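The lines below spell out each chain.
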Amino acid sequence: MNQAPDAVAEHGHRRQQVLDGFAERCGTAAAGVWEAPGRVNLIGEHTDYNDGFVMPFALTRSAMVAAGHREDDRVVVTSMDLDETVEVALDDLVPFDAPGARPRVWADYLTGCLWALREAGHHVGGVNLVVASTVPIGAGLSSSAALECATIAAMVDLFGLEIDLIDRAHLARRAENAYVGAPTGLLDQAASTLCTSSHTLFMDCRTLETTQVPMDLAGVGLEILVLDTNTPHSHVDGEYAARRAACERAAGLLGVAALRDVTDLDEALATLGPDEELVRRTRHVVTENQRVLEAVELAREGRFAELGPLLDQSHTSMRDDFEITVPTVDLAVETAREHGALGARMTGGGFGGCIIALIPMGTGDQVGRAIAEAFAAAGYAAPEWFTAVPSAGARRIA
Ligand code: GLA
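Note that this is a predicted model, so its numbers are computed, not measured.

> Can you walk me through the overall build of the chain in this structure?
The secondary structure content of the chain amounts to 11 helices and 12 strands. For 398 residues, the compact-globule estimate of 2.2 N^0.38 gives 21 Å, and the chain sits close to it at 21 Å. If one aligns the C-alpha atoms of the chain with their principal axes, the spans along those axes are about 60 × 50 × 40 Å. For the chain, the residues scored as buried account for 57% of the 398 residues in total. Long-range contacts, defined as pairs at least 24 residues apart, comprise 73% of the intrachain contacts of the chain with a sequence gap of at least 6. Computing the positive centroid from 30 side-chain charges and the negative centroid from 57, the chain places the two 1 Å apart.

> Can you help me understand the sheet that holds strand β11 (residues 384-388) in this one?
Within a sheet, adjacent strands bond to each other through the backbone by hydrogen bonds, running parallel or antiparallel. Read from one edge of the open sheet, four strands run β9-β10-β8-β11, paired in antiparallel fashion. Two strands close off the open sheet at either side, each with one partner strand: β9 (343-347) and β11. For this sheet, the mean angle separating the axes of adjacent strands, direction not counted, is 25°. Bridge analysis of β9 against strand β10 (residues 354-360) gives five bridges, and the strand direction is antiparallel. Following the sheet pairing, A344 is matched in β10 by A357.

> Would you explain empty space enclosed by the protein in this entry?
The probe, sized like a water molecule, is rolled over the atoms to show the empty space still left. One pass over the structure, following the stated rule, counts one cavity of 30 Å³ or more. Considering only enclosed or pocket space, the largest cavity measures out at about 120 Å³ in volume. Lining the largest cavity are 13 residues, with D48, L187, D188, Y240 and G349 sitting closest to its centre. Taken together, the residues of the lining of the largest cavity sort by class into three nonpolar, six polar and four charged. When residues of the lining of the largest cavity are assigned to domains, at least three map to each of domain 1 (5-213 + 391-396) and domain 2 (218-388).

> Where do I start with the environment of A341 in this structure?
Along the polypeptide, A341 turns up in the loop between α10 (327-338) and β9. Overall, A341 belongs to the buried group, its relative accessible area being 11%. A C-alpha to C-alpha distance of 47 Å links A341 and A29, two positions 312 residues apart in sequence. Apart from residues lying up to four places away in sequence, A341 is in contact with A336, A357, L358 and I359.

> Sorry, what's going on with helix α3 (residues 143-158) here?
Because each turn of an α-helix spans 3.6 residues, side chains separated by three or four positions end up pointing in the same direction. Across its 16 residues, α3 extends 23 Å between first and last C-alpha, which sits within 8% of the 22 Å expected from 1.5 Å per residue. By the criterion of burial, α3 is predominantly enclosed, with 15 of the 16 residues buried. Count one or two residues on from α3 and you reach G160, which has phi positive near 60°.

> Would you mind showing me how to read the pattern of salt bridges here?
If the charged atoms of two oppositely charged side chains come close together, the side chains can form a pair. Here the structure, examined in full by the defined rule, presents 28 salt bridges. For R291, the salt bridge identified is with E288, shortest N-O distance 2.9 Å. With R291 and E288 both in helix α8 (residues 276-300) and three residues apart, the pair spans about one turn of that helix. The pair formed by R291 and E288 is uniform in burial state, with each residue classed as buried. Put simply, E276, E277, R280, R281 and E323 are held in one network by salt bridges that share partners.

> How should the packing of aromatic side chains be read in this particular structure?
By convention here, two paired aromatic rings are described through the distance between centres and the angle between planes. Summed over the entire model, instances satisfying the criterion amount to four aromatic pairs. With 5.9 Å between their ring centres and 25° between their planes, F53 and F202 make a pair best called stacked. With F53 in strand β2 (residues 53-69) and F202 in strand β6 (residues 199-204), this pair connects stretches of sequence that are 149 residues apart. For the pair shown, F53 and F202 are each scored as buried. Relative to Y179, the ring of W115 has its centre 5.5 Å away and its plane inclined at 40°; by these criteria the two rings are tilted. You can see W115 sitting in helix α2 (residues 108-119) and its partner Y179 sitting in helix α4 (residues 165-180), a full 64 residues away along the chain. Taken individually, W115 and Y179 each receive the classification buried, so the pair is uniform in this respect. Note that R61 overlies the ring of F386, its terminal NZ or CZ placed 4.2 Å from the centroid.

Scoring rules and cut-offs
- Residues numbered from 1 in each chain as written.
- Predicted model: local features only at pLDDT ≥ 70, side-chain atom pairs only at ≥ 80, totals over all residues.
- Heavy atoms only, no water.
- Helix = DSSP H or I, 4+ residues; strand = E, 2+ residues; numbered from the N terminus.
- Rg over C-alpha atoms; globule rule 2.2 N^0.38 Å.
- Buried < 20%, exposed > 50% of the residue type's maximum accessible area, 1.4 Å probe, protein only.
- Contact = heavy atoms within 4.5 Å.
- Lys, Arg positive; Asp, Glu negative; His and termini not counted.
- Charge placed at Lys NZ, Arg CZ, Asp CG, Glu CD.
- Pairing = 2+ DSSP bridges.
- Axes fitted to C-alpha atoms, helices over the stretch in contact; angles between N-to-C directions.
- 1 Å grid on protein atoms, 1.4 Å probe; cavity = no way out; pocket = protein on both sides within 12 Å on 5 of 7 lines; lining within 4 Å.
- Points joined across faces, edges and corners; volume = space filled by probe spheres on them.
- Nonpolar A, V, L, I, M, F, W, Y, C, P; charged D, E, K, R; others polar.
- Domains from an automatic or database assignment.
- Expected span 1.5 Å × (residues − 1).
- Salt bridge = Lys/Arg side-chain N within 4 Å of Asp/Glu carboxyl O.
- Phe/Tyr/Trp six-rings, centres within 6.5 Å; stacked < 30°, edge-to-face > 60°.
- Lys NZ or Arg CZ within 6 Å of the ring centre and 35° of its normal.

Right under this line is the structure:
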């Protein structure tokens, strides 16, 4: 079964699952349930931490967190998916690099949010959290941001905090960066918090200005296929951090605050000339920013079919210049194109995970099966796929 289960039924079932799980484990009813989505990034990869532009939309795949107060100062987190519970006192929450900190586990994405809220001076007390998620882990669909943003939304309501949406995204990112130890940008948490249904979110990661761009693909007979290559990745490891460091080095050599500020690419590349690696990294970021700006213009005019070549160019740039794709991902992208995709690219941080393909409506299974066959022939694990519906950001659902 590669198609998403009936989304409405699944949603209701999972909400009940966390409510029942909460009642069973905590012996009392949850105060509510909060949901935050995973995302795909339509275009604009590794641009967020270069003060550039991104264009994600939220998925129906999401994390749901049932939450309630405790009388003590403990945070007790249960995953219905893993059937595991982690318990820690608020004062014992320490970032990954604190002396004696224990190795990070899944629950840290949730407990890290309480740490980040307290660090920012917000009052939070002990809580029970029961979570269930349908965002696949390590697939580049922001499973961790979904957990974080649902937790932040829950804490804001439970403790009556006044935190606007962009600051919620910042706090969730802080949990990921400083508490878990993954040096990511703001893309995922902004998408999971700020996206709205039927729209893609255009964001300037420097000014934090956002625009909701209507995304009626069906109206032009198109849809987005999301295919998980089942090549898991992690941002806690070194490659993501290495890309980030290279970008910072390049910006330093060019005398700009961030690669977003490069206005003359040829001149910049000439300056970096002796360092081939920095030339390639810089070329990716600068051209990718340009592609996002072109994509947002096309999307604003409803010219979605014309996004195809931009998606293709983005993939080539990630493959050859940023060097963050892997053979499974490249094969999936090529096969999608051979089977009717107007354009396709890896989405997310890279080194595995998912591709997105812009396809004629109704051809998702056909394209997915063609990729599955190509994977089988190459000896790769079977991929999974679904078609994406631009969905809402973090919110209370019960
Ligand atoms: C990961 C990070 C984001 C962003 C993307 C690449 O998803 O969490 O901040 O850098 O990679 O675009």
